[in-house]
Amino acid sequence: MFFTDLPLFWGLLLGHLLGDFHLQGEKLATDKREHLSALLEHCAIYGCCMLSLAWTLCGVPALWAASSAALGHAVIDGLKFCLRRPLGTCAPAQIFLIDQFLHLAILTAVCLWYSAPLLPWIPAALHAIDCIFSPGTLLRLGCLALSLSKPANVLLKICNPKPPDGPDCRQTVGLDRKAGATIGTLERLLTAALFLLGQYGAISVVFAAKTLTRYHRIADDPSFGEYYLIGTLGSLLLAVLVSVALFPPF
């Protein structure tokens, strides 16, 4: 039962997903690599997310935990900023995975340090709905939904960067990227919901419905079919892995 019913951890994870992905636009994500002002703006947004969620869920004492997590995040992003030139030779996927691992390690360390004194401060409102879902379950559901949207899209884009050149590819890639991100998010959310409900066979229906919309392009361009299959299988794998990680079956 590692943090399964600890609102502090899931509240901080929600704040991380919001501050590091959903409230960070592509322009800010690009600018913070080269401009200190953009990096400070990102750290301020991140800190506000962490502080507001921690205070709402666990009261005033949680502000120390949220401040520590936000400070740790700023240190990691500051090191990335200072080492941006050496890191420029590394693969984007490696940087992304190491970066997120370090951020999650800091959240874990903060919760291990602060969790015991904060448990009595869980608001009564969360206990009132405990008969339906425990506070940890509700927060994990939020983390599941947020992590399977923009963070998953970013990771899949890094690992499967662009479709190969083909007929009309340059004209449609912009539209495909936007539509594909939305479709991928919905696909992962549906897959996770079906997986958690034990409806494993229904997941194939989601996969088939998505494939039908791209059938003609896959048939006309086999190289695009390979690109599409890698992205779709990676998307389904992420949905299952995140579901198992947040809601372990044992």
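Because the structure is a prediction, the values reported are computed rather than measured.

Peer 1: So what's going on with the overall build of the protein chain? Which residues, and what values?
Peer 2: Across its full length, the protein chain holds 13 helices and 0 strands. Listed by position from the N terminus, the elements making up the protein chain come as α-α-α-α-α-α-α-α-α-α-α-α-α. Residues classed as buried in the protein chain amount to 41% of the 250 residues present. In the protein chain, the share of contacts with a sequence separation of at least 24, taken over all contacts with a separation of at least 6, comes to 77%. Entry remark: accessible area of the protein chain is about 13,900 Å², with carbon and sulfur atoms responsible for 73%.

Peer 1: Give a description of the pattern of salt bridges that names residues and reports values.
Peer 2: Counted according to the given criterion, the structure contains 4 salt bridges. When the shortest N-O distance is used, the salt bridge between K32 and D77 registers 3.6 Å. With K32 in the loop between helix 2 (26–31) and helix 3 (36–58) and D77 in helix 4 (residues 62–82), the pair connects residues that are 45 residues apart, well separated along the chain. The exposure class assigned to D77 is buried, which follows from its relative accessible area of 4%. The residue K80 makes a salt bridge to D99 at a minimum N-O spacing of 3.5 Å.

Peer 1: Could you give an account of the packing of helix 3 against helix 4, naming the residues involved and the relevant values?
Peer 2: Helix-helix packing is described using two parameters, namely the angle between the two axes and the distance between the axes. Two elements in contact, helix 3 and helix 4, have axes separated by 8 Å at closest approach and are oriented at 160 degrees. The angle between the axes of helix 3 and helix 4 places the two elements in the roughly antiparallel class. Relative to helix 4, helix 3 is oriented so that their crossing is right-handed. Each of L36, L39, H42, C43, Y46, G47, M50, L51, A54, W55 and C58 in helix 3 lies in contact with helix 4, whose residues at this interface are A62, L63, A66, S67, A69, A70, H73, A74, D77, G78 and F81.

Peer 1: Just give me the short version of the state of the cysteines, but keep the residues and values in it.
Peer 2: Structurally, a disulfide amounts to a covalent bond that connects the sulfur atoms of two cysteines. For the coordinates displayed, the defined rule picks out 0 disulfides. The cysteine C48 is free of any disulfide, with C49 supplying the nearest cysteine sulfur at 7.1 Å.

Peer 1: Explain the nonpolar core residue by residue, including any values.
Peer 2: Of all hydrophobic cores here, the largest spans 36 residues; its most connected members are L12 and L107. For this core, the secondary structure elements donating two or more residues are helix 1 (7–22), helix 3, helix 4, helix 6 (92–118), helix 8 (135–147), helix 9 (150–159) and helix 13 (222–246). No other element matches helix 1, which puts 8 residues into this core. Once residues within four sequence positions are removed from consideration, L107 is found in contact with F9, L12, L13, H16, Y46, M50 and A69.

Peer 1: Residues and numbers for the packing of helix 1 against helix 4, please.
Peer 2: Packing of helix 1 against helix 4 leaves a shortest axis separation of 11 Å and a crossing angle of 40 degrees. When the axis of helix 1 is compared with that of helix 4, the two are oblique. Handedness of the crossing formed by helix 1 with helix 4: right-handed. Two secondary-structure elements touch here, helix 1 through L8, L12, H16 and D20 and helix 4 through A62, A65, A66 and H73. Its residues assigned to classes, the contact of helix 1 with helix 4 comprises 5 nonpolar, 2 polar and 1 charged.

The rules we used
Residues numbered from 1 in each chain as written. Predicted model: local features only at pLDDT ≥ 70, side-chain atom pairs only at ≥ 80, totals over all residues. Heavy atoms only, no water. Helix = DSSP H or I, 4+ residues; strand = E, 2+ residues; numbered from the N terminus. Buried < 20%, exposed > 50% of the residue type's maximum accessible area, 1.4 Å probe, protein only. Contact = heavy atoms within 4.5 Å. Areas by Shrake-Rupley, 256 points an atom, 1.4 Å probe, with all protein chains shown as cover. Salt bridge = Lys/Arg side-chain N within 4 Å of Asp/Glu carboxyl O. Axes fitted to C-alpha atoms, helices over the stretch in contact; angles between N-to-C directions. Parallel < 35°, antiparallel > 145°, perpendicular 65-115°, else oblique. Left-handed = near helix turned anticlockwise from the far one by under 90°. Disulfide = S-S within 2.5 Å. Core = buried A, V, L, I, M, F, W, Y, C linked by side-chain atoms within 4.5 Å. Nonpolar A, V, L, I, M, F, W, Y, C, P; charged D, E, K, R; others polar.

By themselves, these are just geometric observations and shouldn't be taken as functional.
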